[in-house]
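Chain residues, written in single-letter form:
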Protein chains: 2
Amino acid sequence: MRDQTSMSRQEIEEGTVLAPKFDQNGLIPAVAQHAETGEILMLAYMNAEALEKTLETRKAHYWSRSRQSLWLKGETSGQTQEVTDLLIDCDQDTVVLKVLPQGDGGCCHVGYRTCFFRTVQGEELTKVQKPL
Amino acid sequence: MRDQTSMSRQEIEEGTVLAPKFDQNGLIPAVAQHAETGEILMLAYMNAEALEKTLETRKAHYWSRSRQSLWLKGETSGQTQEVTDLLIDCDQDTVVLKVLPQGDGGCCHVGYRTCFFRTVQGEELTKVQKPL
């Protein structure tokens, strides 16, 4: 992975070299999307190691901010995410993972298929999914 | 909007009250997804005002970190985003906006339909979309 500071804006935004821009905590947001249904499952964060491991193993790895450690998603729950594609945005500060959730097909620790199981209207949240 | 600090974990994660958790900069990541195709278009950030304006006007507003100002997406490009649904995740620290892009249907300042127009394989990026 290259360091953005030595690159032109055009190289970063339209080039062919991976140069992720990690934030002040060394993290980049990663959006997991179901490879078949298109549903957005979760947003988590990756450090350089998590991104490398994900690219290498094709299993989603994140950085757990609460535990401050590398996190193989599904290691305990069985809800691993097989990565079929990994996309990066123009300024290389966000990645999208297209994934196939394993185990019971869930993703969210509260028991839903995705973490985005509530819709917002005004100040009120309504559940739009049933638990698994 | 309520303050998470006065709420139980269950109220935050499974309750019906909007209580977004803004980060140390007062921001929450917002993922915009095409309401019809399911394509992930971009990730940007909202402060409380941007979230309120988005809920009120049903047009996506973000906080521009580079300009440090409220940003009505599409104000200059015409690529406004009509918000058909807004979802929030379990810990209320990320939102998903389902949007209908207006204008030429684009989203990315580099000229693509989405900001995620490159796929990552190893260290190499490959364009998987054509410019608009």
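Scope of this entry: the structure provided in the associated data block. The model shown is predicted, which means the values in this text are computed figures rather than measured ones.

### Side note on the interface of chain A and chain B
Working step 1: Facing the 48 residues of chain A at the interface are 48 residues of chain B.
Working step 2: A buried area of about 3900 Å², summed over both sides, lies between chain A and chain B, and 54% of it is on carbon and sulfur atoms.
Working step 3: Summed over the shared surface of chain A and chain B, the result is 2 salt bridges.
Working step 4: Of the charged contacts, one joins Arg 65 of chain A and Asp 93 of chain B as a salt bridge, the two residues approaching to 3.3 Å between their closest N and O atoms.
Working step 5: At the boundary of chain A and chain B, one finds 34 residue pairs in polar contact (both at pLDDT 80 or more).
Working step 6: Among the secondary structure elements, those contributing two or more residues to the side of chain A that touches chain B are α1 (9-14), β1 (28-34), β2 (40-46), β5 (81-88), β6 (95-101), β7 (118-121) and β8 (124-127) of chain A.
Working step 7: The element best represented in the side of chain A that touches chain B is α1 of chain A, accounting for 5 residues.
Working step 8: Here the residues of the side of chain A that touches chain B are counted per class, giving 24 nonpolar, 11 polar and 13 charged.

### Overview of the sheet that holds β7 of chain A
Working step 1: Pairing in this open sheet of 6 strands is mixed, and the strands run β8(A)-β7(A)-β5(B)-β6(B)-β1(B)-β2(B) from one edge to the other. In the strand order of this sheet, the two ends are held by β8 of chain A together with β2 (40-46) of chain B, each with one partner. The mean inter-strand angle of the sheet, taken between neighbouring strand axes irrespective of direction, is 35 degrees.
Working step 2: In this sheet, strand β5 (residues 81-88) of chain B lies alongside β7 of chain A in antiparallel orientation, the contact comprising 2 bridges. Counterpart to Arg 118 of chain A in the pairing with β5 of chain B is Ile 88 of chain B.

Cut-offs applied
- Residues numbered from 1 in each chain as written.
- Chains lettered and ligands numbered in written order.
- Predicted model: local features only at pLDDT ≥ 70, side-chain atom pairs only at ≥ 80, totals over all residues.
- Heavy atoms only, no water.
- Contact = heavy atoms within 4.5 Å.
- Buried area = accessible area lost by both parts, 1.4 Å probe.
- Salt bridge = Lys/Arg side-chain N within 4 Å of Asp/Glu carboxyl O.
- Polar contact = N/O pair within 3.5 Å; in protein donor to acceptor, adjacent residues only side chain to side chain.
- Helix = DSSP H or I, 4+ residues; strand = E, 2+ residues; numbered from the N terminus.
- Nonpolar A, V, L, I, M, F, W, Y, C, P; charged D, E, K, R; others polar.
- Pairing = 2+ DSSP bridges.
- Axes fitted to C-alpha atoms, helices over the stretch in contact; angles between N-to-C directions.

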